[in-house]
Amino acid sequence: MPPKRSNPTKKLLFDLVKRLTKSENDQAVISVYVRFAEQLKQYSERSTFECSETYLAEKIKKTLQLSESSHLVSRFEELHRRLQCGEFLKKREAVLFFLLCLGSSQKEQSRSSSTVNITNLSHNATLPQPITSSPQTNDPVSSTLPTLQVTPSALETWRPGGSEMSVSSALRSYVGNVLHTSSDKKSSKMHSTYTSTIASTVLPDPLSYGCRAGQGDSKGGLGTSLHMQSSEAGSGLLMTEANGESVPTEGRNALFPAPSMKSSASERVVLQDLIFSFQGIPGTLLKLDPVSLGFKLDPRFSVSRPIRRVVLRLAELGWLHNRLRRFCEEAESSRSLGLMEKSLVCALREELTEYYRLVAVLQAQALQQQQLLPSADSPLSEEPFHGSAGSGGLTLRSLGVWALEPTERLRCLVAIAETSKNRKGGALASAVHSFLQSGDPVERRTARHLLAAVCKPLYLMLSRWVVDGELEDPYGEFFIAADPQVTGERLWYDKYRVQSDLVPSFVPMAEANKILATGKSINFLREVCQDQTPIHGRDMLRQALDAANVEALFTSDRDGDLGQVMEMAYQEVSRRVLDVLSGPHKFLENLHALRRYLLLGQGDFIRHLMEIINPELCKPASHLYGHNLSGILETAIRATNAQFEDPEILQRLDVRLLELNAGDIGWDVFTLDYHFSGPISTIFVPNASSYLMLFSTLWRAKRSEYVLTGSWKRQTTAMRMLRKLPELAPVLQRTHLLTAEMIHLVQQMQYYMLFEVLECSWHEMLGKLGQAESLDDILKAHMQFLDKTKAGALLDNESKRLAARLRVVHSLVLSLEKIETDLHNHALQELAARNAHENTIEARGDAGEFGTDTAEKQAYEKARADFKKKYVRDVLTKLTILATDYQEQVKNFLLELADHPNNNLQLLSFRLDFNDHYKRREPRLVAPYTYQHRRLSEMGHRVSLTGAASPALNWMTCK
């Protein structure tokens, strides 16, 4: 029996089945009807349909235009308008989609010439089951119902009343029947339910037409689709799922064939998935990639290319969110996370919190739109920004506008986070500060906000260091590091240092050194000077630092309030250090004492000390005793103006014996020493070795001068006395000339070292000390003084060869002194013997005796001959050899001076040979000091010290 006429939906379905089957048997029609009704009921309970009414209407009109019934387009538009005005259908999209698929099925069936006999269809060929996440229940009724038998001609034409109609006519007739039979509101609900069920289960996906098919996904699930494939034998069909499993069916065509059976996604679902992706949550359409943390479209959904581009572009926001969140999680899980890194993570968390507020607003808008427009669940078209039924709510277009600013900000945050990986302290601040140089204002504002958060711990550590001199850096992030094992005079040099790799890029190195000096000075006063007096203006400085803004630390205005506060702290602490050094600890007094005693500035004391200590120092070094030398030193102090020195300074003055070597005498190991204690040891102790080197060099030169002066005095006094020894005249003359040469060289060198080098450098250092603003300025001026003095005294690395030759000259002076002393003693002995012989002859003559006999006369003549032939000749030979060696060493010394890079030493060579005495003996000294001469020297064409001049030099000499 047919269904009751009171239900228009059931009547519509009954008439449709009857016309498709062309059966006059009402029982068969009722069986098929019941079977379809049961299956459609299951589809209605398990499936949802999502498509756009506008899209479907446009598709139907396009189908009518391409067919032979193009004149029915206006009729369809009128019917569609009447359908929209009516309230009896709630799911008009399902009806339109059903009509569209009917037209599509007719075209597909018309291409096939084969027919399917209804009696040959398998009893198991039923409508495809809806795909759900829950298992389907077995329907006992459907298993016993007969299968639907259909011929291809049934899908090609619609024959109401026995007349053949086209697809367009069928659509028009069907719409008219819908409008006519759906006047009852109670039946409209049933009608919309069935029609939507048919459209969402049996018919093909609307996005499968003209859209690129996606890839299959895992077995089962929401996106599993069915594909219709022809079998190779041509006798049946294979209904294949996306996972590759096939279900065999009979016949060449299905009831509703479709080019693609992929699931479609409505705009509401896409919007909700995008909002989920913004929070890193995977959804129905967008799946999370655990490796890249990005989102990709589920291949089980068919999405057009324009929509795919829009969705993936918006999904970038979720990818950025995931990367930023993972950075924060990895950083927080690290055990070595520093304060500045924690501040960065905290700032990033705050940024994410603000971002979540925006996502919450978007979610609220989406929920509000769903409540106001529950039916706005249209499928996505190829124009993704169309909106939902003109609601003006959240669409892909508005969501894209909302996501613009967060995307830019998160992109900047992710870039900063990636740059900040594996960095700490100042390096981290430098990495964030580099983004302030960007031309993007959004990036600059974001970097400025993060940098202010990162620099807060740095600013606190900096304030504590500048005000109290304390380092609160448990994670080693501050650019100043401390070594707690260093104490005493090395505190200023080694305990605190600047870690250049942790200095922020916005803090110049000069300012970092000032910050280091400020806190170091506070600790120097507290630990070394034992001065606990608070620094002047300390409270005001603390208040100024507390009132200053953290952003002032990395602003470009270095002369702002914070810069002035730092400069004021530096000046106050440095001034306090200088006052303590110059006051109680007498820095300048000790410096002048070093100048007078270790640098031989106190002439009377040095001269007297050398005279009284000479006998002791002539002994072997192993026979010297410190207490004896200390007694001699005290004697020299009491006998000279040194007795008026400050007693505290005199207590620091002492003698010292250097390391003994085999064959050393007292002159080789003796040196004066100066004991340092208290804060001044910071300045002098590191340079104590330099003072010892300078004293040894100057003491050696002073000794040579002392020796030559003694020899000159002996020669002058013995000149008249030794006139009775005429055979000594050549020896004395040669000795006198060689002594004069040595005196000239030694005095000129001593004058150059003591006056031109030492005195000038001393005067320059005093000027710098008067302008010093900190202890570093004092140390720098003192170091420059010592460097210049050592360079002038030939103690630097560039003058090692000169110093070696000068030591040889000093040893030759001592050799001359030894020869001259021996000569003087023998001459006096010879003179005494001759005077005794003459006195004996005279005494005997006065007594009336013969003055001498033949034996005595022969012995006397033999002694005079031996003195003249042996001793005098031997001394003369020694003097000749000594003079030759000395002149050779001086010539080489002058050549070394001429090639020295120091201009002052070059000029010294002219002064030492002012009368061209050595130039006449050495052709190499005649060559002008030109670039060619220097070049020949550097190229290795310079002749050896003992060989002849090169042809090039001889040519220049002759020229």
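Residues numbered from 1 in each chain as written. Predicted model: local features only at pLDDT ≥ 70, side-chain atom pairs only at ≥ 80, totals over all residues. Heavy atoms only, no water.

Identification of the chain as Gamma-tubulin complex component from Gryllus longicercus is taken from an unreviewed UniProt entry. In its Sequence similarities (unreviewed entry) section, UniProt records this for the chain: "Belongs to the TUBGCP family." The Subcellular location (unreviewed entry) field of the UniProt record for the chain holds the comment "Cytoplasm, Cytoskeleton". (UniProt positions renumbered as here; feature names shortened; annotations may be inferred.)

A. Summary view of the overall build of the chain. Check the secondary structure of the chain and you find 32 helices and nine strands. Split into buried and exposed, the 959 residues of the chain put 49% on the buried side. Here the analysis covers contacts within the chain between residues at least 6 apart in sequence; of these, 73% occur between residues at least 24 apart. Of the roughly 47,600 Å² that the chain leaves accessible, carbon and sulfur atoms contribute 52%. (Helix = DSSP H or I, 4+ residues; strand = E, 2+ residues; numbered from the N terminus. Buried < 20%, exposed > 50% of the residue type's maximum accessible area, 1.4 Å probe, protein only. Contact = heavy atoms within 4.5 Å. Areas by Shrake-Rupley, 256 points an atom, 1.4 Å probe, with all protein chains shown as cover.)

B. Structural context of the nonpolar core. Formed by 198 residues in total, the largest nonpolar core has its most connected members in Phe605 and Trp699. Per-element tally for this core: the top contributor is helix 26 (residues 729–770), with 16 residues. For Phe605, the residues in contact, after removing those within four places along its chain, are Tyr597, Leu633, Ala636, Ile637, Thr640, Ala642, Leu653 and Leu672. With 13 residues, the next largest nonpolar core counts Ala57, Leu64, Phe76 and Val95 among its residues. (Core = buried A, V, L, I, M, F, W, Y, C linked by side-chain atoms within 4.5 Å.)

C. Fine view of helix 13 (residues 425–433). For helix 13, a buried count of nine out of nine residues is recorded, marking the element as mostly surrounded by other parts of the structure. Listed as buried for helix 13 are Gly425, Gly426, Ala427, Leu428, Ala429, Ser430, Ala431, Val432 and His433.

D. Examining the packing of aromatic side chains more closely. In total, this model carries 15 aromatic pairs according to the counting rule given. Between Phe478 and Phe479 the ring centres are 4.6 Å apart and the planes differ by 45 degrees, which places this aromatic pair in the tilted class. Here the aromatic residues Phe587, Tyr674, Phe676 and Phe684 are joined through ring pairs into a cluster of three or more. The cationic tip of Lys520 hangs over the ring face of Trp492; the distance from NZ or CZ to the ring centre is 4.5 Å. (Phe/Tyr/Trp six-rings, centres within 6.5 Å; stacked < 30°, edge-to-face > 60°. Lys NZ or Arg CZ within 6 Å of the ring centre and 35° of its normal.)

E. Just the pattern of salt bridges, in detail. Taken as a whole, this structure holds 39 salt bridges when the rule is applied. The salt bridge involving Glu354 is made with Arg357; its shortest N-O contact spans 2.3 Å. Of this pair, Glu354 and Arg357 both sit in helix 11 (residues 339–372), three residues apart, roughly one helical turn. Arg357 sits in the partly exposed class, given a relative accessible area of 47%. (Salt bridge = Lys/Arg side-chain N within 4 Å of Asp/Glu carboxyl O.)

F. Structural detail: the packing of helix 14 (residues 441–468) against helix 16 (residues 509–528). Contact pair helix 14 / helix 16: the axes reach a minimum separation of 7 Å and the direction vectors enclose 45 degrees. When the axes of helix 14 and helix 16 are compared, the pair comes out oblique. The crossing of helix 14 and helix 16 is left-handed. Of the residues in helix 16, those touching helix 14 at Leu462, Trp465, Val466, Val467 and Asp468 are Ile515, Leu516, Thr518, Gly519, Lys520, Ile522, Asn523 and Arg526. Residue composition of the contact of helix 14 with helix 16, grouped by class: seven nonpolar, three polar and three charged. (Axes fitted to C-alpha atoms, helices over the stretch in contact; angles between N-to-C directions. Parallel < 35°, antiparallel > 145°, perpendicular 65-115°, else oblique. Left-handed = near helix turned anticlockwise from the far one by under 90°. Nonpolar A, V, L, I, M, F, W, Y, C, P; charged D, E, K, R; others polar.)

G. A look at helix 18 (residues 561–582). Compared with an ideal rise of 1.5 Å per residue, which puts 22 residues at 32 Å, helix 18 spans 32 Å between its outermost C-alpha atoms and is within 8% of the ideal. Taken as a whole, helix 18 has its buried residues at Leu562, Val565, Met566, Ala569, Tyr570, Val573, Ser574, Val577, Leu578, Val580 and Leu581. On its buried face, helix 18 is in contact with helix 14, helix 16, helix 17 (538–547), helix 19 (587–598), helix 24 (681–684) and helix 27 (775–792). (Expected span 1.5 Å × (residues − 1).)

H. A look at the state of the cysteines. In the structure shown here, the tally under the stated rule is zero disulfides. The thiol sulfur of Cys328 is not disulfide-bonded, and the nearest other cysteine sulfur, from Cys346, lies at 9.7 Å. Residue classification places Cys328 among the buried positions, given a relative accessible area of 0%. (Disulfide = S-S within 2.5 Å.)

I. Seen up close, unusual backbone geometry. Positioned with a positive phi, Leu600 is a non-glycine residue whose angle comes to about 60 degrees. Accessibility expressed as a relative area gives 8% for Leu600, which makes it buried. For Leu794, which is not glycine, the phi dihedral falls at a positive 65 degrees. Along the chain, Leu794 falls in the loop between helix 27 and helix 28 (800–846). Look at Leu794 and you get buried, because its relative accessible area is 2%.

J. The arrangement of the confidence of the model for the chain in detail. In this model, the chain carries an average pLDDT of 75, and 71% of its residues clear a pLDDT of 70 or more. Below a pLDDT of 50 lies the segment residues 43–50, which in the model reaches 29 contacts outside its immediate sequence neighbourhood of four places, other chains included. Low pLDDT, under 50, characterises residues 381–391; the stretch is placed with 28 contacts to residues that sit more than four places away or in other chains. (pLDDT = per-residue confidence, 0-100.)

K. Here's a closer look at the environment of Ser696. On the secondary structure map, Ser696 appears in helix 25 (residues 688–721). Classification of Ser696 by relative accessible area gives partly exposed; the value is 23%. Taking C-alpha positions, Ser696 is 9.4 Å from Leu599, a pair spaced 97 residues apart along the chain.

L. Looking closely at the environment of Ala863. When you line up the elements, Ala863 lands in helix 29 (residues 854–898). On the basis of relative accessibility, which here comes to 39%, the residue Ala863 falls in the partly exposed class. As a C-alpha pair, Ala863 and Glu830 span 33 residues in sequence and 9.0 Å in three-dimensional space.

M. A look at the pairing of strand 9 (residues 670–674). With five of five residues buried, strand 9 lies mostly within the body of the structure. Alternating positions in strand 9 separate into two faces, Phe670, Leu672 and Tyr674 on one and Thr671 and Asp673 on the other, with burial throughout.

N. Structural detail: the side chain of Thr735. Mapped onto the elements of the fold, Thr735 is located in helix 26. Within the local environment of Thr735, its side chain forms a polar contact with the backbone oxygen of Val731, the two atoms lying 2.7 Å apart. (Polar contact = N/O pair within 3.5 Å; in protein donor to acceptor, adjacent residues only side chain to side chain.)

O. Expanded view of the environment of Ser302. The residue Ser302 is located in the loop between strand 5 (295–297) and helix 10 (305–333) in this model. Considering only alpha carbons, one finds Ser302 and Ala265, 37 residues apart in sequence, at a separation of 7.9 Å.

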